[in-house]
2 protein chains.
Amino acid sequence: MSSAPPDPPGFELPLRLLLAFQVIIDELHAELAREGHAAMRPMHGFVFQAIGPDGTTAVELGRRLGVSKQAAGKMVESLERAGYVERTSDPADARRKIVRLTAHGVDALARSARIFDRIRGDWVRRLGSERVRGLEETLRAMTPQDLWRLDVPGWFGTS
Amino acid sequence: MSSAPPDPPGFELPLRLLLAFQVIIDELHAELAREGHAAMRPMHGFVFQAIGPDGTTAVELGRRLGVSKQAAGKMVESLERAGYVERTSDPADARRKIVRLTAHGVDALARSARIFDRIRGDWVRRLGSERVRGLEETLRAMTPQDLWRLDVPGWFGTS
DNA sequence: TAAGTTGGTCAATGTGGTTGTCCATATAGT
DNA sequence: ACTATATGGACAACCACATTGACCAACTTA
């Protein structure tokens, strides 16, 4: 004879979505640090992905990430200092400098992929395959198709 | 005779979680802007919540949000300029300045709550009550119990 | 009442973003 | 072929938002 539980307040859902994202990303970087990539930051994964296997230019990178070419250039500089990317000149166009992942960067990206898969496996163990698949389907239905259209940087400004 | 679909790569889940959060927050702020709160920023909701109905101090606010007291003080300043909060001195302790939401701030908070509920209603219409409840239960199972332990600011630094 | 703790503010600094400017190089139009 | 335009990259100045360090006034405790 118990009545149905009331709906939770609407603000719980977005908060849990963000919290779940945080949980996964924190776990990823804890594991990356253990595997020798302590310098990796949450943003870096997105940047590596935007660089892609064939490399790209700072201007194109800025476009993909939704920031100015100057901001992209500074990102590349710091990633270069950290040894994750390198810049080479384009023989076909003397203006362009191609940004490519170094072996170290490729390693970080490969490890990230493995760790993400492992974390998903943990979720499957705790929730069952059906619920994880259902979760992914539900989120797919409610989010833009293009996974990489996040425009993360600066999106969360305070003022 | 079709084989089962393969598991998606593990990185899709966190990305979709973040995307879903963005979708909701963007919708919230679009609606808030329509209702006269164009100055509201994603962070502000968290800050308002941390201030609470009884007000708090800059130091305590910094603790709750996981930032320095100076950073919290600056946040308060800008929110004060925007008319969302006011500072009054504590009669019981001449050092303390109590930060409280103004009527305008309370209005923004109340509207946010209503809009969040409305957005959840949209999800229910598109997905059905069962799936939304299932989503919330799943996320609840995988995230910390304390909803407000997010330590958002600066968490996503690039370097 | 002296000593320590706490709340608030000021100043200097670091990081990561912005726009504006400029130059070298490619590309298109006549 | 030459000029005009567009593009990639770099430099500078600036802004927003965080940090740490120092300091003072006011409360608390021994």
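If you're wondering where the values come from, they're calculated on a predicted model, not measured in any experiment. Within each chain, residue numbers correspond to sequence positions counted from 1 in written order. Each chain gets a letter, beginning with A, and each ligand a number, beginning with 1, in the order they are written. Local features are withheld for residues below a pLDDT of 70 in this predicted model, meaning they are given only at 70 or higher, and side-chain atom pairs are given and counted only at 80 or more; totals for whole chains, interfaces and linings count all residues.

A closer look at the overall build of chain A
The condition is simple: Segments assigned H or I by DSSP are reported as helices when at least four residues long, segments assigned E as strands when at least two residues long, and all are numbered from the N terminus. Only the C-alpha atoms count toward the radius of gyration. The rule for a globule is 2.2 Å times the residue count to the power 0.38. Buried means a residue has 20 or more other C-beta atoms within 10 Å of its own C-beta, exposed means 12 or fewer, and partly exposed covers the counts in between; C-beta atoms are placed from the backbone.
In terms of regular secondary structure, chain A is built from six helices and two strands. Relative to the globule expectation of 15 Å for 159 residues, the C-alpha radius of gyration of chain A, 19 Å, shows a markedly less compact shape. Judged by the C-alpha coordinates and their principal axes, chain A covers about 75 × 35 × 25 Å. In chain A, which comprises 159 residues, the share counted as buried stands at 32%.

Quick word on the relation of the copies chain B and chain A
Quick note on the threshold: Copy-to-copy superposition: least squares on the C-alpha atoms, limited to residues that have pLDDT of at least 70 in both copies. Two residues qualify as a contact pair if the distance between their C-beta atoms, derived from the backbone, is within 7 Å.
When chain B is fitted to chain A, the best match, at an RMSD of 0.2 Å, comes from turning it 179 degrees and sliding it 0.0 Å along the axis. On the angle and the small slide along the axis, the relation comes out as a two-fold axis. Across chain B, the rotation axis passes nearest the C-alpha of B:Leu17, at a separation of 2.6 Å. A share of 100% of interface residues in chain B that are also interface residues in chain A marks the association as one of identical surfaces.

Here's the deal with helix H5 (residues 103-127) of chain A
How we decide: Helices are assigned an expected span. That span is 1.5 Å times one less than the residue count.
Taking 1.5 Å of rise per residue, the 25 residues of H5(A) would be expected to cover 36 Å, and the 36 Å separating its terminal C-alpha atoms lies within 8% of that figure. Looking at the residues trailing H5(A), positive phi occurs at A:Gly128, about 90 degrees.

Some points on the interface of chain B and chain A
Applicable threshold: Throughout, the ten residues Ala, Val, Leu, Ile, Met, Phe, Trp, Tyr, Cys and Pro are labelled nonpolar, Asp, Glu, Lys and Arg are labelled charged, and all others, Gly among them, are labelled polar.
Each partner contributes to the interface: chain B provides 47 residues, whereas chain A provides 47 residues. Looking at the side of chain B that touches chain A, the elements with two or more residues in it are helix H1 (12-34), helix H2 (42-51), helix H4 (69-81), helix H5 (103-127) and helix H6 (129-142) of chain B. For the side of chain B that touches chain A, the element with the highest residue contribution is H1(B), accounting for 14 residues. Of the residues belonging to the side of chain B that touches chain A, the class tally is 30 nonpolar, nine polar and eight charged.

A closer look at the packing of H5(B) against H6(B)
Residue and element names in this part refer to chain B. For clarity, the cut-off: Each axis is a line fitted through C-alpha atoms, taken for helices only over the stretch in contact, and angles between the N-to-C directions span 0 to 180 degrees. Working definition: roughly parallel below 35 degrees, roughly antiparallel above 145 degrees, roughly perpendicular at 65 to 115 degrees, and oblique for all remaining angles.
The interhelical angle for the contact between H5 and H6, taken along N-to-C directions, is 120 degrees, at an axis separation of 6 Å. Here H6 runs oblique to H5, going by the angle between their axes. Listed contacts from H6 to Arg120, Trp123, Val124 and Leu127 of H5 are Ser129, Arg131 and Val132. Partitioned by chemical class, the residues of the contact of H5 with H6 number four nonpolar, one polar and two charged.

Things to note about the UniProt feature "domain: HTH marR-type" (unreviewed entry) in chain A
As a reminder of what qualifies: UniProt positions are given in the numbering used here, feature names are shortened, and annotations may be inferred rather than shown by experiment.
Under the present numbering, the feature "domain: HTH marR-type" (unreviewed entry) in UniProt falls on residues 10-144 of chain A. The span residues 10-144 of chain A is 69% helical and 11% strand by assignment, and the distance between its end C-alpha atoms comes to 21 Å.

Some details on the nonpolar core
Let me state the cut-off plainly: Buried Ala, Val, Leu, Ile, Met, Phe, Trp, Tyr and Cys residues form a nonpolar core when they are connected through C-beta atoms within 7 Å.
Grouped together as the largest cluster of nonpolar side chains are 74 residues, with contacts concentrated most on A:Leu17, A:Phe21, B:Leu17 and B:Phe21. Setting aside chain neighbours within four positions, we find B:Leu17 in contact with A:Leu17, A:Ala20, A:Phe21 and A:Leu139.

Digging into H6(B)
For an α-helix the count is 3.6 residues per turn, leaving residues at separations of three or four pointing the same way. For the record, the criterion: Picture the helix axis, draw a direction to every C-beta atom, and the arc is the one those directions span.
When the terminal C-alpha atoms of H6(B) are compared, their 20 Å separation across 14 residues agrees well with the 20 Å that a helix rising 1.5 Å per residue should span. All of the buried residues in H6(B) are B:Val132, B:Leu135, B:Thr138 and B:Leu139. Take H6(B) and look down its axis: the buried residues cluster within an arc of 125 degrees, on one side only. Those residues of H6(B) that are buried are in contact with helix H1 (12-34), H5 and helix H6 (129-142) of chain A together with H5 of chain B.

Considerations on the environment of B:Ile115
All names here are of chain B. Mapped onto the fold, Ile115 is located in helix H5. Take Ile115: there are 22 C-beta atoms within 10 Å of it, and that puts it in the buried class. A sequence separation of 70 residues divides Ile115 from Gly45, and the C-alpha atoms of the two residues are 12 Å apart. Leave out the neighbours within four places in its chain, and Ile115 touches Leu28, Glu31 and Leu32.

Details of the packing of H6(A) against H1(B)
For clarity, the threshold we go by: Each crossing gets its hand from how the near helix is turned against the far one by less than a right angle, where anticlockwise is left-handed and clockwise is right-handed.
With their axes 9 Å apart at the nearest point, H6(A) and H1(B) run at an angle of 40 degrees to one another. Here H6(A) lies oblique to H1(B), going by the angle between them. Relative to H1(B), the crossing made by H6(A) is left-handed. The residues of H1(B) that touch H6(A), namely those facing A:Glu136, A:Leu139, A:Arg140 and A:Met142, are B:Glu12, B:Leu13, B:Arg16, B:Leu17, B:Ala20 and B:Val23. By residue class, the composition of the contact of H6(A) with H1(B) is six nonpolar, no polar and four charged.

Here's the deal with the environment of A:Ala82
Summarising the element assignment, A:Ala82 is placed in the loop between helix H4 (69-81) and strand E1 (85-90). In the structure, A:Ala82 is positioned 75 residues away from A:Asp7 in sequence and 48 Å away in space, judged by C-alpha atoms.

Some thoughts on the pairing of E1(A)
Residue and element names in this part refer to chain A. Selection rule: Strands are labelled as partners when DSSP assigns at least two bridges between them.
The pairing of E1 with strand E2 (residues 93-101) spans six bridges and is antiparallel. Considered in E2, the bridge of Thr88 is made with Ile98. Counting the residues that bridge the hairpin from E1 to E2 gives two residues.

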